[in-house]
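The chain contents come next:
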Amino acid sequence: MAKQNKLLIFILAVGVFGILNTEMGVIGLLPSIADHFNVSISQAGLTVSLFALAIAVSGPTMPLLFSGINRKKVMLLVLSVFVVGNIASVFVTNFTLLLIIRIALALFHPIYCSMAFTVAASSVKPEEAPKAVSKVFIGVSAGMVAGVPIASFIDSALSYEMAMAFFAIVNAFVLVATLIFVPSMPVEERQSYGEQLAVLKKSIIWVSIVAVILLNASVFGVYSYIAEYLETVTQMSPNTISLTLFVFGGANIIGNIVAGRVLTNSPIKSILTFPLLLSVVYILLFFTGEIAVPVVIITFLWGILAGGIMANINQYLISSSAPEAPDFANGLFISACNVGTTVGSAAGGLLISQMGTPYVVLVGILSLILSLAFILLRNNMFNASRQAEKHREGSFASN
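So, how was this worked out
- Just so you know, the residues in each chain are numbered from 1, in the order the chain's sequence is written.
- pLDDT decides what is reported in this predicted model: residues at 70 or higher carry local features, side-chain atom pairs at 80 or more are listed and counted, and totals for whole chains, interfaces and linings draw on all residues regardless.
- Working from all heavy atoms in the structure, the side-chain values ignore hydrogens and water.
- Numbered from the N terminus, helices here are DSSP runs of H or I no shorter than four residues, and strands are runs of E no shorter than two.
- Three exposure classes are used, based on accessible area relative to the maximum for each residue type with a 1.4 Å probe and protein chains only: buried under 20%, partly exposed in between, and exposed over 50%.
- Only heavy atoms enter the contact rule, under which two residues are in contact if any of them lie within 4.5 Å.
- Accessible surface area values rest on a Shrake-Rupley calculation with a 1.4 Å probe, where residue burial reflects the displayed protein chains alone.
- Only four residue types enter the charge count: Lys and Arg as positive, Asp and Glu as negative, with His and the chain ends excluded.
- Charged side chains are reduced to one point each, which is NZ for Lys, CZ for Arg, CG for Asp and CD for Glu.
- In plain words, nonpolar cores are sets of buried Ala, Val, Leu, Ile, Met, Phe, Trp, Tyr and Cys residues tied together by side-chain atoms within 4.5 Å.
- Working definition: a ring pair exists when centres of Phe, Tyr or Trp rings (six-membered ring for Trp) sit within 6.5 Å. Plane angles under 30 degrees give stacked, over 60 give edge-to-face, the rest tilted.
- Two N or O atoms count as a polar contact when they lie within 3.5 Å, although within protein this holds only if one can serve as hydrogen donor and the other as acceptor, and sequence-adjacent residues are included solely when both atoms are side-chain atoms.
- Interaxial angles span 0 to 180 degrees and are taken between N-to-C directions of axes, which are lines fitted to C-alpha atoms, for helices over the stretch in contact.
- An angle counts as roughly parallel when it lies under 35 degrees, as roughly antiparallel when it exceeds 145, as roughly perpendicular when it falls between 65 and 115, and as oblique in every other case.
- Left-handed is the label given to a crossing in which the near helix is rotated counterclockwise from the far helix by less than a right angle, and right-handed is the label when the rotation is clockwise.
- Only Asp, Glu, Lys and Arg are considered charged in this grouping, and only Ala, Val, Leu, Ile, Met, Phe, Trp, Tyr, Cys and Pro are considered nonpolar; every other residue, Gly among them, is considered polar.

(A) Examining the overall build of the protein more closely. Per the secondary structure count, the protein includes 17 helices and 0 strands. Along the first, second and third principal axes, the C-alpha atoms of the protein reach 70 × 50 × 35 Å. Residues counted as buried form 54% of the 399 residues belonging to the protein. Here the analysis covers contacts within the protein between residues at least 6 apart in sequence; of these, 83% occur between residues at least 24 apart. When the accessible surface of the protein is split by element, carbon and sulfur atoms take 69% of a total near 17400 Å². The averaged location of the 16 negative side-chain charges in the protein is 13 Å from the averaged location of its 18 positive side-chain charges.

Encoded structure:
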């Protein structure tokens, strides 16, 4: 049974890698997309921004619509859509059509990801759930960080078409693995849409959503401009910048594992500690940004903390606030993360245009300070609800 669980979680991790690779890998292909379709680089960027916007919109709704259907069937459907969509992206010659395909894929993105987190959590004991989810998040980190250089390498070594085909190949591999190795997973207790939507009446879910938006903004408000920061402030060479980005990516994966373990042991402390430590890292980066060696060390620490926050901490904040509707909660998590990414990158760009590249770090610091306020409020609400629950159980036992 343990071996079956490990195989299931491995397939889920590779699955979310394929889905995230389709979303983020295109970043490494933007110059080629601009050339291929004869559009500007900013127009090519719509393949990324419209994808993220569509996820933000579909995050809460699509997982809800599919929550009552056999999870294996839903996963096979989503993976099939991604294989067909990515193959179509190889051959399409019209840029508007490419954007339509990308938006269609983005609408299905939250279904697979939210279901993968739910399945991973439910495959183990409740106290082991954060650790199981952290293993799936390794696929998220790999898709977000490794997807860009891999796609860029295939593009430069072979062709743009082969880079797009790579996305289809990964998803096809997971489709076959899911078909053969993943058991049927019917939903035993189907929840009505009303029951799941009822979690939106809880104040704690809204406080958690705001905290997640701010936490993701704190990471992407700075990370979106890290290449420019390393070039203009630290004055690194292109090769050193690439190496530093790989350091960040590798540290992300370490952060997933570390956060999964500490959340299992002491969740309330963890969701406070990670943002506090990231604030310290950003302050150090602000004062040592011109010196290469400290920046590389800081980037490694930043990667560990960011990896834990973007994935495990954010997912825990929302899922533990609405355990009665896991699929819907994971959809809200995905949506909140994408809103945070959009808000953070927009704020970072605005700050750079007004004050200069060195000051982009302030977006991260300010977002973290605000997020800590909401996390403290959320923790108080969470503790109060647990005490009320224990009191009710005590009263029931005495009766």
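The rest of the description comes next.
(B) Region of interest: the nonpolar core. One finds Leu12, Ile33, Tyr112, Phe117, Leu278, Trp302 and Ile318 to be the most contacted residues of the largest nonpolar core, which totals 120 residues. Of the residues forming this core, the biggest block, 15 residues, is contributed by helix α7 (residues 95-122). Excluding residues within four positions of it along the chain, Ile318 makes contact with Ile205, Ser208, Ile209, Val212, Ala329, Leu332, Phe333 and Ala336.

(C) Summary view of the packing of aromatic side chains. If you walk through the whole model with that rule in mind, you get 11 aromatic pairs. Ring centres of Tyr223 and Phe248 lie 4.6 Å apart, and the angle between their planes is 15°; on these two criteria the pair is classed as stacked. Highlighted residues: Tyr223 in helix α11 (residues 203-223) and Phe248 in helix α13 (residues 238-265), separated in sequence by 25 residues. Judged by centre distance (5.0 Å) and plane angle (75°), the rings of Phe248 and Trp302 are edge-to-face.

(D) Focus on the environment of Thr288. Along the polypeptide, Thr288 turns up in helix α14 (residues 267-288). For Thr288, a relative accessible area of 21% gives the class partly exposed. In the structure, Thr288 is positioned 55 residues away from Val233 in sequence and 9.9 Å away in space, judged by C-alpha atoms. Excluding its chain neighbours within four sequence positions, the residues that come into contact with Thr288 are Pro294, Val295 and Ile298. Looking at Thr288, its side chain comes within polar contact range of the main-chain oxygen of Leu284, at 2.7 Å.

(E) Summary view of the packing of α11 against helix α16 (residues 326-355). At their nearest, the axes of α11 and α16 sit 7 Å apart, and the two run at 45° to each other. Taken together, the axes of α11 and α16 are oblique relative to one another. As α11 runs across α16, the sense of the crossing is right-handed. Of the residues in α16, those in contact with Ile205, Ile209, Val212, Ile213, Asn216, Ala217, Phe220 and Gly221 of α11 are Leu332, Phe333, Ala336, Cys337, Val339, Gly340, Thr341, Gly344, Ser345 and Gly348. Per-class residue counts for the contact of α11 with α16 are 11 nonpolar, 7 polar and no charged.

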